[in-house]
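As a plain string of letters, each chain reads:
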Amino acid sequence: MKVVFERPKTLLEKPFTYCPGCHHGLAQRLIAEVIDELGIADRTIGVGPIGCSVYIYEFIDVDFVVGAHGRAPAIATGIKRALPDRVVFSYQGDGDIAAIGTAEIIHVANRGELITAFFVNNAVFGMTGGQMAPTTLVGQKTKTTPLGRKPEVHGFPFRLGECLSVAEGSAYIARVALTRPQFIRQAKECIRRAFLTQIEKKGFSLVEILSPCPTNWGMSPKEAVDWLEQHMIPYFPLGELKVKECLPHEAL
Ligand code: SF4
């Protein structure tokens, strides 16, 4: 019988521990599929964050380090510089990468470090109970903005992907969602291109993955998917934000 669907070898055989309807599991499965298809599992090192997604090391079967809050890109930089033949990636939520870790990610991108970052944006701080994040939408209610985010008080939602696109050292920046089969196929292709950008030494790469947090949004998984499509995608448009066909990094 022809096998048409199976677990990626790099995805460990254990159930995900994320909440029902959370897309961390989908995102991590896609990363594992791409690692398999590129044949890089034995030379890939991941750096986990603080937040719900810290448990990525429980599910993807490559070497892992966990960084202090927001510091994953700096740690990934150190690993890559010490071991330049490895494929190094960070996996971070919006609280980790767009709040406390903003400085690290901006300078890693600007220096053109040869690492790949996966940025899971669910518009709230998930693990600590749903407080406002830099990515929380205008009007969106959270634990710390019970009347909804007001720009005059809380500022505007931060588009990190666009910000990193203007950094000279960034070579590939994309934003994806996982709410529909065609989006999932596009996301996998963007993850593959991001890893290839690193392997081909073109510069820094990042894939932002819009993701629901039904638990802290107070919605069912279906309502959360609909809300993401209706509210998040218009503000955080999907697509490749930057594709830089530059000289190999070593030749610069
Ligand atoms: S709290 Fe939100 S982000 Fe964290 S696992 Fe649950 S649904 Fe996912």
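Structure: above.
What you are looking at is a predicted structure, and each value in this text was computed from that prediction instead of being measured. (Residues numbered from 1 in each chain as written. Predicted model: local features only at pLDDT ≥ 70, side-chain atom pairs only at ≥ 80, totals over all residues. Heavy atoms only, no water.)

Caption draft 1: View of the overall build of the chain. Across its full length, the chain carries nine helices and nine strands. Scaling as 2.2 N^0.38, a compact globule of 252 residues should have a C-alpha radius of gyration of about 18 Å, and the chain matches this with 17 Å. Considering only C-alpha atoms, the chain reaches an extent of 50 × 50 × 30 Å along its principal axes. When burial is assessed residue by residue, the chain has 51% of its 252 residues classed as buried. Here the contacts in the chain between residues at least 6 apart in sequence split such that 70% fall between residues at least 24 apart. (Helix = DSSP H or I, 4+ residues; strand = E, 2+ residues; numbered from the N terminus. Rg over C-alpha atoms; globule rule 2.2 N^0.38 Å. Buried < 20%, exposed > 50% of the residue type's maximum accessible area, 1.4 Å probe, protein only. Contact = heavy atoms within 4.5 Å.)

Caption draft 2: Here's a closer look at a nonpolar patch on the surface. Residues Ile50, Tyr55, Tyr57, Val66 and Met127 make up a contiguous nonpolar surface patch of roughly 420 Å² in combined accessible area. Along the polypeptide, tyrosine 55 turns up in the loop between β1 (44–48) and β2 (63–66). (Patch = residues over 30% accessible without salt bridge, like charges linked within 9 Å, V, L, I, M, F, W, Y side chains within 5 Å. Areas by Shrake-Rupley, 256 points an atom, 1.4 Å probe, with all protein chains shown as cover. Salt bridge = Lys/Arg side-chain N within 4 Å of Asp/Glu carboxyl O.)

Caption draft 3: Just the pattern of salt bridges, in detail. Under the criterion given, the structure shown has 17 salt bridges. The salt bridge partner of glutamate 33 is lysine 188, with a shortest N-O separation of 2.9 Å. Here glutamate 33, found in helix α1 (residues 24–38), pairs with lysine 188, found in helix α7 (residues 181–199); they are 155 residues apart in sequence, far enough to count as distant. Of the residues examined, glutamate 33 reaches a relative accessible area of 15% and is grouped as buried.

Caption draft 4: Structural context of the packing of helix α2 (residues 72–82) against helix α4 (residues 102–111). Running from N to C, α2 and α4 cross one another at 35 degrees; their axes reach a closest spacing of 8 Å. Of α4, the residues touching α2 (which contributes Pro73, Ala74, Thr77 and Arg81) are Glu104, Ile105, Val108 and Arg111. Across the contact of α2 with α4, the residue classes tally to four nonpolar, one polar and three charged. (Axes fitted to C-alpha atoms, helices over the stretch in contact; angles between N-to-C directions. Nonpolar A, V, L, I, M, F, W, Y, C, P; charged D, E, K, R; others polar.)

Caption draft 5: Geometry of the site of the ligand. All residues adjacent to the ligand are Tyr18, Cys19, Cys22, Cys52, Asn122, Gly126, Cys213, Pro214, Thr215 and Asn216. When the residues that make up the shell around the ligand are grouped by side-chain class, the tally is six nonpolar, four polar and no charged. (Near = heavy atom within 4 Å.)

Caption draft 6: The nonpolar core, seen in detail. In this structure, Ile31, Ile35, Phe89, Tyr91, Phe118, Phe195 and Val207 are the most contacted members of the largest nonpolar core, which totals 29 residues. The leading source of residues in this core is α1, at six residues. The contacts of phenylalanine 118, once residues within four sequence positions are left out, are Ile31, Phe89, Ser90, Tyr91, Gln92, Ile191, Phe195 and Val207. Core analysis: the second largest hydrophobic core is formed by 20 residues, Ala98, Val108, Phe119 and Ala167 among them. (Core = buried A, V, L, I, M, F, W, Y, C linked by side-chain atoms within 4.5 Å.)

Caption draft 7: Representation of the packing of α1 against α7. Put simply, α1 and α7 touch, their axes get as near as 10 Å, and they point 50 degrees apart. Overall, the two elements α1 and α7 adopt an arrangement that is oblique. Here α1 runs over α7; the crossing is right-handed. Of the residues in α7, those in contact with Leu26, Leu30, Ile31, Glu33, Val34, Ile35, Glu37 and Leu38 of α1 are Ile184, Ala187, Lys188, Ile191, Arg192, Phe195, Leu196 and Ile199. (Parallel < 35°, antiparallel > 145°, perpendicular 65-115°, else oblique. Left-handed = near helix turned anticlockwise from the far one by under 90°.)

Caption draft 8: View of the side chain of aspartate 96. Inspection of the secondary structure assignment puts aspartate 96 in helix α3 (residues 94–100). In terms of polar contacts, aspartate 96 uses its side chain to reach the side chain of glutamine 92, at 2.7 Å. In this structure aspartate 96 touches Pro49, Ile50, His69, Gly70 and Gly101, once residues within four positions along its chain are discounted. (Polar contact = N/O pair within 3.5 Å; in protein donor to acceptor, adjacent residues only side chain to side chain.)

Caption draft 9: Representation of the packing of aromatic side chains in the model. Counting across every chain of the model gives ten aromatic pairs. Summarising the aromatic geometry, the rings of phenylalanine 89 and phenylalanine 118 are spaced 5.8 Å apart at their centres and angled 65 degrees between planes, so their arrangement reads as edge-to-face. Taken as a pair, phenylalanine 89 in strand β3 (residues 87–93) and phenylalanine 118 in strand β4 (residues 116–121) lie far apart in primary sequence, 29 residues in all. As far as burial versus exposure is concerned, phenylalanine 89 and phenylalanine 118 are alike and both buried. Relative to phenylalanine 236, the ring of tyrosine 235 has its centre 5.0 Å away and its plane inclined at 85 degrees; by these criteria the two rings are edge-to-face. A cation sits over an aromatic face here: arginine 159 above tyrosine 235, 3.7 Å from the ring centre. (Phe/Tyr/Trp six-rings, centres within 6.5 Å; stacked < 30°, edge-to-face > 60°. Lys NZ or Arg CZ within 6 Å of the ring centre and 35° of its normal.)

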